[in-house]
Structure formats: C-alpha cells, structure tokens
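# Understanding the architecture of this molecule
Given next are the chains, with one letter for each unit.
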Amino acid sequence: DTEVTQTPKHLVMGMTNKKSLKCEQHMGHRAMYWYKQKAKKPPELMFVYSYEKLSINESVPSRFSPECPNSSLLNLHLHALQPEDSALYLCASSQESSGTGEQFFGPGTRLTVL
Amino acid sequence: AQSVTQPDIHITVSEGASLELRCNYSYGATPYLFWYVQSPGQGLQLLLKYFSGDTLVQGIKGFEAEFKRSQSSFNLRKPSVHWSDAAEYFCAVGADSSASKIIFGSGTRLSIRP
C-alpha cells in the first residue's frame with residue numbers, strides 16, 4: 001500500500017468553527033508532513049513530525065494545531081481560522097525525515113473558510 | 001540553505017512534440033533533486049529523483065531529467081508529450097541535513113495544444 005489518504009476531501013467552515021483534517025499512511029513511514037498550497041503556488045511546509053514528535057513548525061499560527069496520535073496518523077486541528085486560510089492542505093509521508101527522501105503525498109483537503 | 005528556480009511559469013506544447021522544463025538549483029554540496037507533477041485538485045506525484053551516480057535519470061510516464069552540476073540545472077524532458085501530461089510540474093531540492101525539508105520551485109504549468 002503506497003497511498004496516503006486524507007479526509008475530508010472538501011471542508012467549508014466558518015471562522016468560529018472547530019474542525020480537524022485527517023491523514024493516514026500504512027507504508028511504515030516515520031515522517032509525516034503538513035503543507036498548505038494556495039492556487040497556482042507551490043506547497044508551503046507547515047509541520048513535520050518525525051517518529052511521532054514534532055520536529056519542524058514553520059512559524060504557523062496557533063489556530064492550526066497538529067497532532068500525531070501514532071506513526072500512521074496525522075491530524076490538523078483547525079480553530080478560529082481566517083478566510084485567507086482557505087487553501088488545499090496536503091499531507092505527505094516519507095521513510096525518514098530528511099531532505100533526501102521521496103515524499104508521498106495525499107490528494108489533499110480543499111478548505112474554504114467563510 | 002538550498003533554493004530552486006523554475007524560470008518558466010507556463011509552457012504550451014503541441015501533442016506529440018518534445019518537452020523540456022527548466023530547473024536551476026542553489027546548494028553548496030551535492031543536492032537531492034526531485035521532479036513532482038500535480039494534476040488539478042490533486043496531490044503531488046514523484047516523477048523522478050536524483051541523489052548521485054548517473055546524471056541522466058529515468059522516471060515514470062516516459063520522463064527523464066539530466067543533472068548538470070556545472071550549470072546547476074536539473075531539466076525535465078519528454079520526447080513526445082500526451083494530452084494527459086497537462087499539469088503543474090514542480091522541481092524540488094533537498095539536502096542531507098537535520099533541517100529535513102524539501103524546497104519546491106514555483107512550478108511550471110504545462111498546457112498541451114491538440
């Protein structure tokens with residue numbers, strides 16, 4: 001199984017809502033990533049988890065809260081988002097957390113904040 | 001720190017024609033180089049990667065790329081494009097360091113003329 005799955009595919013939320021994005025992989029990868037991608041732009045790294053511990057936070061606002069319950073799962077908890085947070089949120093995983101390994105990407109969650 | 005430049009924002013080629021997408025990187029040591037493709041509304045898929053060894057790298061879907069250290073380039077090529085190749089292409093560079101992240105170029109959008 002070389003797939004990274006993400007749920008939901010689409011999410012519409014108000015600025016006062018709390019929601020979560022979910023990502024799952026069963027490739028035995030030890031690193032998992034959250035990226036944010038705006039239209040016509042490259043993915044921007046948000047967080048990296050290595051061996052279930054947060055290793056990189058790219059100065060992301062606290063309204064985004066990542067969680068790695070186990071080595072296969074990655075969540076992104078959303079609270080009090082702004083309309084400019086509307087984007088495609090991509091999850092990825094890799095064998096190890098380094099800049100050398102192939103990252104496998106999920107299909108993304110299209111988030112709209114009203 | 002590493003960086004990557006894709007000088008072409010948008011390229012249109014005729015179906016059946018050859019393709020070359022340009023990528024220039026900046027990194028002091030040997031870089032880890034990747035080409036990813038993203039279809040509209042989808043995640044990213046790895047086409048090929050270069051770590052060391054033979055400078056001509058074969059990838060999936062008939063793509064290849066050539067690493068040229070003297071020019072700091074890693075251009076992607078395909079001898080004959082198909083309509084299904086229309087997508088966004090991202091070059092990326094990583095490094096073997098504890099910083100553990102991949103830097104993406106700004107992307108090149110490929111359109112195919114029937």
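Check the entry above for the structure.
Sequence order sets the numbering: in each chain, residues are counted from 1 along the sequence as written. Going through the entries in the order they are written, you letter the chains from A and number the ligands from 1. Only residues with pLDDT of at least 70 are given local features in this predicted model, and only at 80 or more are side-chain atom pairs given and counted; all residues enter the totals for whole chains, interfaces and linings. Heavy atoms throughout the structure, all of them, feed into the side-chain values; hydrogens and water do not.

In this section: the layout of surface pockets. Each cavity reported here is a set of points on a 1 Å grid over the protein atoms alone in which a 1.4 Å probe fits but cannot get out, each pocket an open set with protein on both sides within 12 Å along at least five of seven lines, and each lining residue one with an atom within 4 Å of a point. Grid points are joined across faces, edges and corners, and a volume is the space filled by probe spheres set on the points. The computed volume of the largest pocket comes to approximately 430 Å³. Every residue lining the largest pocket is counted, 20 residues in all, and those nearest its centre are Ala39(A), Lys40(A), Lys41(A), Gln38(B) and Glu88(B). Secondary structure elements are defined from DSSP: runs of H or I of at least 4 residues count as helices, runs of E of at least 2 residues count as strands, and each element is numbered from the N terminus. Broken down by element, the lining of the largest pocket gets its largest block of residues, 3 residues, from strand β10 (residues 87–94) of chain B. Its residues assigned to classes, the lining of the largest pocket shows 6 nonpolar, 8 polar and 6 charged. Of the pockets and cavities examined, the second largest pocket occupies roughly 370 Å³. Together, 22 residues line the second largest pocket, and Val37(B), Gly43(B), Leu44(B), Gln45(B) and Leu46(B) are the ones closest to its centre. If you list the elements that add at least two residues to the lining of the second largest pocket, you get β10 (104–105) of chain A together with β5 (32–38), β6 (44–50) and β10 of chain B. The element contributing the most residues to the lining of the second largest pocket is β6(B), with 3 residues. Any residue outside Ala, Val, Leu, Ile, Met, Phe, Trp, Tyr, Cys, Pro, Asp, Glu, Lys and Arg is labelled polar, Gly included; the first ten of those are nonpolar and the last four are charged.

Here we take up the sheet that holds strand β8 (residues 73–79) of chain A. Residue and element names in this part refer to chain A. Note on pairing: DSSP must find at least two bridges between two strands before they are called paired. Here we have 4 strands laid out as an open sheet, ordered β1-β3-β8-β7, and antiparallel in their pairing. Of all the strands in the sheet, the pair left with one neighbour each is β1 (4–7) and β7 (64–70). The average undirected angle you get between the axes of adjacent strands in this sheet is 20°. Examined bridge by bridge, strand β3 (residues 18–25) and β8 share 7 bridges and lie antiparallel to one another. Bridging across to β8, Ser20 finds its partner in His77. Helix axes are fitted to C-alpha atoms over the stretch in contact, other axes to C-alpha atoms as well, and angles between N-to-C directions run from 0 to 180 degrees.

With that settled, consider the state of the cysteines. Defined by distance alone, a disulfide is two cysteine sulfur atoms within 2.5 Å. Scanning all chains against the criterion turns up 2 disulfides over all chains. The partner cysteine of Cys23(A) in its disulfide is Cys91(A), sulfur to sulfur 1.9 Å. Looking down the S-S bond of the Cys23(A) and Cys91(A) bridge, the torsion is -70°, so its handedness is left-handed. Residue Cys23(A) is located in strand β3, and its partner Cys91(A) is located in strand β9 (residues 87–94); the two are separated by 68 residues in the primary sequence. Buried residues are those whose accessible area, probed at 1.4 Å on protein chains only, stays under 20% of the maximum for their type, while exposed residues exceed 50% and partly exposed ones sit between those limits. For Cys23(A), a relative accessible area of 0% gives the class buried. Looking at Cys91(A), the relative accessible area reads 0%, which means it is buried. Put simply, Cys23(B) and Cys91(B) are joined by a disulfide, and their sulfur atoms are 1.9 Å apart. Across the S-S bond of Cys23(B) and Cys91(B) the torsion is about -65°, and the bridge reads as left-handed. Of the two residues, Cys23(B) is situated in the loop between β3 (19–21) and β4 (24–26) and Cys91(B) in strand β10; the sequence distance between them amounts to 68 residues. Cys91(B) carries the same exposure label as Cys23(B), and that label is buried.

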